[in-house]
Each structure stands twice: as structure tokens, then as C-alpha cells.
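The primary structure of each chain is shown beneath.
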Amino acid sequence: MTSHRFDAVLFDLLTALLDSWSLWNSVAGSEEAGRRWRAEYLRITYRTGAYRPYEDLVAEAAEAVGMPRRLAADLEDRYGELRPWPGVTETLQALAARSVRLGVVTNCSERLGRIAAGCVGVELDAVVTAERAGFYKPDPRPYRLGLQALGVEPARCLFVAGSAFDLVGTARVGLATYWHDRAGMAAPDGAPPPLAHETTLEPLRGWFEPSAR
């Protein structure tokens, strides 16, 4: 990456910044069960569009893979246990120190989105949830609301995806996308390639070096 043209960064919250996968696995009882449950939730969310209660989608996903619907309530009760991936807090602190505006766009309810945002360890300039936007990603509306909340045009904002499904949504609004692929996901059919595909956020610090601005 040689061009440093961004004034702000929007992040996926629950996969790009937080290790929510470990929490889902813990609630499900194993990594295998947790990943099946989470994969089904992502498939449901991808095709949902207009907002329905997040907790309902999580329960439907559990039922669809043969697990109890009550796991959705168990997950909700433990949301405060979410923790950032290693290096995330330090990278966001470094960006904030360079006056980069930071926000998140997350497929979540407003209440749980605020709890999750509070687990990142850095004050964010904007927190946009699917409930607030009225639609789930990858619909363009949540991303556009995030841009509006930060007061930035798409060409001046980088999006950091966690889920590969974000690659579809960000392309619709003209957001250059850095894929922070901690979960080892496969991109959906037809997804455009990201600007970068990394397993850490560390390279982002170099993209915003003061000397490059």
C-alpha cells in the first residue's frame, strides 16, 4: 500500500475488532458447534435485509443447526465478556493519536452493539448498528449511515472488514476495504477483492504515518 488517502476508518465490530467467535464457541460448548452456529447466522443475516431483532436471528440460526434457541439468550447475557483481538486496541490508539476518525458499523441490536463497542478499549467517534440503520449489512444503508456519522465521503474513508460478506456491501458504496481475516472465512461468490487481506491490523499503522499524509 503506497497511497495514504484516508481521513477516517470504519470497522466491522464483532469480527474485525472483537474475538466474538471465541464467545460463540464457549456458549455453544465447542469450537465446532460454535462455528456451525455462527456460519448459519451469517447466512441468515446476509439474506435478511430489513432489520429484524438480532436476538431472533441468532436463535433461528441455533435452531437451524440443531441447537437450542435458548443459546441466543445465553450469548446476550455474556456480551460483556467480548474482548478485542491481540493488537487491536493498540492499533486504534495509534490511529486516534494521528487524528484519524474511528467508527464501527455492526450487525447487531442497539443495546448489544453499545456493550460490544465498550469492550474495544478505545473511544469511538461513531457506533452504527443494524437496528439504528434499519437494515443489516451488506445492505448499503448501514455503511452510508456510518459515513454520515463520521462526516466523511466514501473516497476518504477506509473500511476494515471482519466478515467476508462486508466485501459485497462496501463495494456498493465505494468504500475501499481492508479485510482483517482472523476467522479464516471464505469470501462469498461474486465478492470483489479487498484492498488488502491480512490476519492482523498491524499494517494499518503504516498507512497513516504522519509523513505520508
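Cut-off values and rules
- Residues numbered from 1 in each chain as written.
- Predicted model: local features only at pLDDT ≥ 70, side-chain atom pairs only at ≥ 80, totals over all residues.
- Heavy atoms only, no water.
- Helix = DSSP H or I, 4+ residues; strand = E, 2+ residues; numbered from the N terminus.
- Rg over C-alpha atoms; globule rule 2.2 N^0.38 Å.
- Buried < 20%, exposed > 50% of the residue type's maximum accessible area, 1.4 Å probe, protein only.
- Contact = heavy atoms within 4.5 Å.
- Areas by Shrake-Rupley, 256 points an atom, 1.4 Å probe, with all protein chains shown as cover.
- Lys, Arg positive; Asp, Glu negative; His and termini not counted.
- Charge placed at Lys NZ, Arg CZ, Asp CG, Glu CD.
- Axes fitted to C-alpha atoms, helices over the stretch in contact; angles between N-to-C directions.
- Parallel < 35°, antiparallel > 145°, perpendicular 65-115°, else oblique.
- Left-handed = near helix turned anticlockwise from the far one by under 90°.
- Nonpolar A, V, L, I, M, F, W, Y, C, P; charged D, E, K, R; others polar.
- Core = buried A, V, L, I, M, F, W, Y, C linked by side-chain atoms within 4.5 Å.
- Domains from an automatic or database assignment.
- Pairing = 2+ DSSP bridges.
- Buried area = accessible area lost by both parts, 1.4 Å probe.
- Salt bridge = Lys/Arg side-chain N within 4 Å of Asp/Glu carboxyl O.

The protein chain carries the name 2-haloalkanoic acid dehalogenase type II in an unreviewed UniProt entry, which gives Methylobacterium radiotolerans as its organism.

Caption draft 1: Inspection of the overall build of the protein chain at higher detail. Counting its regular elements, the protein chain contains ten helices and six strands. A compact globule built from 213 residues would reach a C-alpha radius of gyration of about 17 Å, and the protein chain, at 16 Å, matches this within 12%. Over its C-alpha atoms, taken along the principal directions, the protein chain stretches across nearly 55 × 30 × 30 Å. Per-residue burial for the protein chain yields a buried fraction of 55% across its 213 residues. Pairs at least 24 residues apart make up 64% of the contacts formed inside the protein chain by residues separated by at least 6 positions. Roughly 8,900 Å² of accessible area belongs to the protein chain as shown, and the carbon and sulfur atoms make up 48% of that amount. The average position of the 24 basic charges and that of the 27 acidic charges among the side chains of the protein chain differ by 3 Å.

Caption draft 2: Spotlight on unusual backbone geometry. Following K137, the chain continues into P138 via a peptide bond in cis, with omega recorded as 15°. Phi is positive for S99, close to 65°, though the residue is something other than glycine. Inspection of the secondary structure puts S99 in the loop between α5 (88–97) and β2 (101–106).

Caption draft 3: Inspection of the packing of helix α2 (residues 31–48) against helix α3 (residues 54–64) at higher detail. The geometry of α2 relative to α3 is characterised by a closest axis approach of 8 Å and an angle of 130° between their N-to-C directions. Judged by the angle between their axes, α2 and α3 are oblique. Relative to α3, α2 is oriented so that their crossing is right-handed. Two secondary-structure elements touch here, α2 through W37, E40, Y41, I44, T45 and T48 and α3 through Y54, L57, V58, E60, A61, A62 and A64. Counted by class, the contact of α2 with α3 contains nine nonpolar, two polar and two charged residues.

Caption draft 4: Broad picture of the nonpolar core. Residues F11, W37, Y54, L92 and L204 are the most contacted members of the largest nonpolar core, which totals 82 residues. Residue contributions to this core reach at least three from each of two domains, namely domain 1 (6–17 + 81–206) and domain 2 (20–79). In this structure L92 touches F11, L17, L102, V120, V122, L124 and L201, once residues within four positions along its chain are discounted.

Caption draft 5: Spatial organisation of the sheet that holds strand β4 (residues 157–161). With parallel pairing, six strands are arranged side by side in an open sheet as β3-β2-β1-β4-β5-β6. Each edge of the open sheet is held by one strand with a lone partner, namely β3 (126–129) and β6 (196–198). Ignoring which end each strand starts from, the neighbouring axes of this sheet average 20° apart. Strand direction decides the pairing type here: strand β1 (residues 8–11) and β4, joined by four bridges, are parallel. Each bridged residue has a counterpart across the sheet, and for V9 the counterpart in β4 is L158.

Caption draft 6: Broad picture of the domain arrangement of the protein chain. Taken domain by domain, the protein chain comprises domain 1 (6–17 + 81–206) and domain 2 (20–79). Computed over C-alpha atoms only, the centres of domain 1 and domain 2 are separated by 20 Å. Across the boundary between the two partners, domain 1 contributes 26 residues, which contact 21 residues of domain 2. Buried area between domain 1 and domain 2, both sides added, is near 2,100 Å², and the carbon and sulfur share of it is 63%. Between domain 1 and domain 2 we count two salt bridges in total. A salt bridge links E76 to R111, with the shortest nitrogen-to-oxygen separation between them at 2.4 Å. Residue assignment for the side of domain 1 that touches domain 2 shows that the elements contributing at least two residues are α6 (110–117) and α7 (130–133). If you tally residues by element for the side of domain 1 that touches domain 2, the top one is α6, at four residues. Its residues placed into classes, the side of domain 1 that touches domain 2 shows 16 nonpolar, six polar and four charged.

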